[in-house]
Each structure stands twice: as structure tokens, then as C-alpha cells.
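# Chains, contacts and geometry: an overview
Here is how the chains run, residue by residue.
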Amino acid sequence: MKLSFDVAGDLKQSLAVLDEFIRKKDTVALIDKAIEICADSIKNGGKVIAAGNGGSMCDAQHFAEELTGRYRADRVALPAVAVCDPSHLTCVGNDYGFDFVFSRFVEGMGMKGDVFLGISTSGNSKNIIEACNAARAKGMKSICLLGKDGGSLKELCDLPIIVSHNGFADRIQEVHTMIIHIMIRGIEELCC
């Protein structure tokens with residue numbers, strides 16, 4: 001069986017997207033700031049609420065479970081939650097529309113001093129936009145992992161981290177996963 005694409009080519013493209021992200025002058029400072037914002041919130045009794053669509057929802061879940069569970073160190077559980085409860089998503093989706101599935105959660109569960117972590121490979125996910133608006137109204141900071149040119153969300157969140165790639169979302173998600181792992185490691189180190 002012959003594949004229609006070059007596996008080595010895919011690996012090289014992944015490396016190129018990561019390399020471009022690393023070379024941006026503000027990459028390290030932005031990730032450091034994201035870690036600091038999350039750790040400060042947690043140390044002051046807050047939590048991180050993470051959300052995304054599709055594969056980005058899986059990334060949000062991965063972020064939250066590594067903090068409430070463990071990443072590299074045995075330590076106390078750290079407060080984080082991903083918006084992924086099917087009953088919540090379908091209730092809000094049915095009653096208010098899909099654009100509000102994350103914002104309603106932030107309205108109900110977010111508190112001043114908490115952090116919203118939104119993940120959107122397009123930078124234009126309407127439900128993440130609404131969640132950033134809800135977070136701001138609650139006195140929460142918002143961090144967004146974005147793709148392409150950052151879309152509308154780069155102006156709406158407090159800290160945009162943009163993986164500038166105009167191809168398929170999978171390459172952006174691969175870098176988002178690395179950012180999430182670094183954030184988890186940093187939060188774990190600063191909070192424990």
C-alpha cells in the first residue's frame with residue numbers, strides 16, 4: 001500500500017512550523033508570562049478554566065488533567081478544569097446556541113482572579129471569543145493559544161500566543177501541545 005503523501009515531508013513541515021515559532025523574538029517571554037499568570041492565580045486561590053473545539057478541546061482537557069493529576073512531580077492537585085461536560089455543552093448549545101457553550105461556563109464557574117485559557121487554531125472561534133468577553137466581565141485574565149495570524153482573538157485576550165501557520169490546523173495543534181506541556185511544567189514548579 002502506497003500513501004498519497006510523504007511521511008518524511010510531514011515530519012519536516014512540523015519541524016519547520018516549530019522552528020518558525022521558536023525563532024519569533026517574543027516566544028519565550030509570552031510562554032513565561034502565561035506560566036506566571038496561571039501560577040499567580042493558583043497561588044492566590046484561583047483556578048484555570050480551559051476550552052477549545054475538537055482537537056483543541058482535547059488539548060484543554062490534557063492541560064487540566066495534568067494539573068489536577070500530576071505531570072512530572074508528586075504534589076498537591078492544582079485547580080484547573082476543561083469545559084467539556086457533554087450535558088453542559090448540549091444544554092447551552094440547545095438553549096442559547098453553540099457560540100455560548102464556553103461563556104456560560106465561565107459566567108457560572110469563573111471568579112475574579114481566575115484565568116481563562118482559550119485554544120483556537122483559527123483565532124476566530126466564536127465560542128472562544130464569547131468566553132474571553134465573559135472572562136473580562138468577571139475580572140479574569142485570558143490567555144489564548146492561537147494559529148494563523150491570531151484572528152479576532154489576538155485583540156480580545158490579555159495574552160495571545162500565536163503559532164503563525166496558514167496550513168492545516170494539525171501543525172498548529174502540534175505546537176500548542178508543546179506550549180501546554182511547558183506551561184504545565186512551569187506552573188507545577190512555581191506552585192509546588
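Please refer to the structure higher up on the page.
In short, a report on the structure. (Residues numbered from 1 in each chain as written. Predicted model: local features only at pLDDT ≥ 70, side-chain atom pairs only at ≥ 80, totals over all residues. Heavy atoms only, no water.)

A few words now on the nonpolar core. Residues Phe63, Leu117, Ile143, Ile161, Ile179, Met183 and Ile187 are the most contacted members of the largest nonpolar core, which totals 37 residues. Apart from the residues lying within four places of it in its own chain, the contact partners of phenylalanine 63 are Val48, Ala50, Ala80, Leu117, Ile180, Met183, Ile184 and Ile187. Judged by nonpolar contacts, the second largest core, of 23 residues, contains Val101, Phe116, Ile129 and Ala134. (Core = buried A, V, L, I, M, F, W, Y, C linked by side-chain atoms within 4.5 Å. Buried < 20%, exposed > 50% of the residue type's maximum accessible area, 1.4 Å probe, protein only. Contact = heavy atoms within 4.5 Å.)

This model, assessed by the stated rule, comprises 10 salt bridges. A salt bridge links arginine 104 to glutamate 107, with the shortest nitrogen-to-oxygen separation between them at 3.5 Å. With a gap of 3 residues between them, arginine 104 and glutamate 107 both fall in helix H5 (residues 101-109), about one helical turn apart. Judged by its relative accessible area of 34%, arginine 104 is partly exposed. The exposure class assigned to glutamate 107 is partly exposed, which follows from its relative accessible area of 40%. Between glutamate 174 and arginine 171 there is a salt bridge, with the nearest N and O atoms lying 2.8 Å from each other. You can see glutamate 174 and its partner arginine 171 sitting in helix H8 (residues 169-191), 3 residues apart, about one turn around the helix. Arginine 171 sits in the buried class, given a relative accessible area of 5%. Counted as one network, the salt bridges with shared partners bring together Asp10, Asp170, Arg171 and Glu174. (Salt bridge = Lys/Arg side-chain N within 4 Å of Asp/Glu carboxyl O. Helix = DSSP H or I, 4+ residues; strand = E, 2+ residues; numbered from the N terminus.)

Within the secondary structure, serine 120 is located in strand E3 (residues 115-120). Polar side-chain contacts of serine 120 include one of 2.9 Å to the backbone nitrogen of glycine 123. Reaching out from serine 120, the side chain makes a polar contact with the side chain of serine 125 at a distance of 2.8 Å. Look past the residues within four positions of serine 120 in its chain and what remains in contact with it is Ser125, Ile128, Leu145, Leu146, Gly147, Leu153 and His176. (Polar contact = N/O pair within 3.5 Å; in protein donor to acceptor, adjacent residues only side chain to side chain.)

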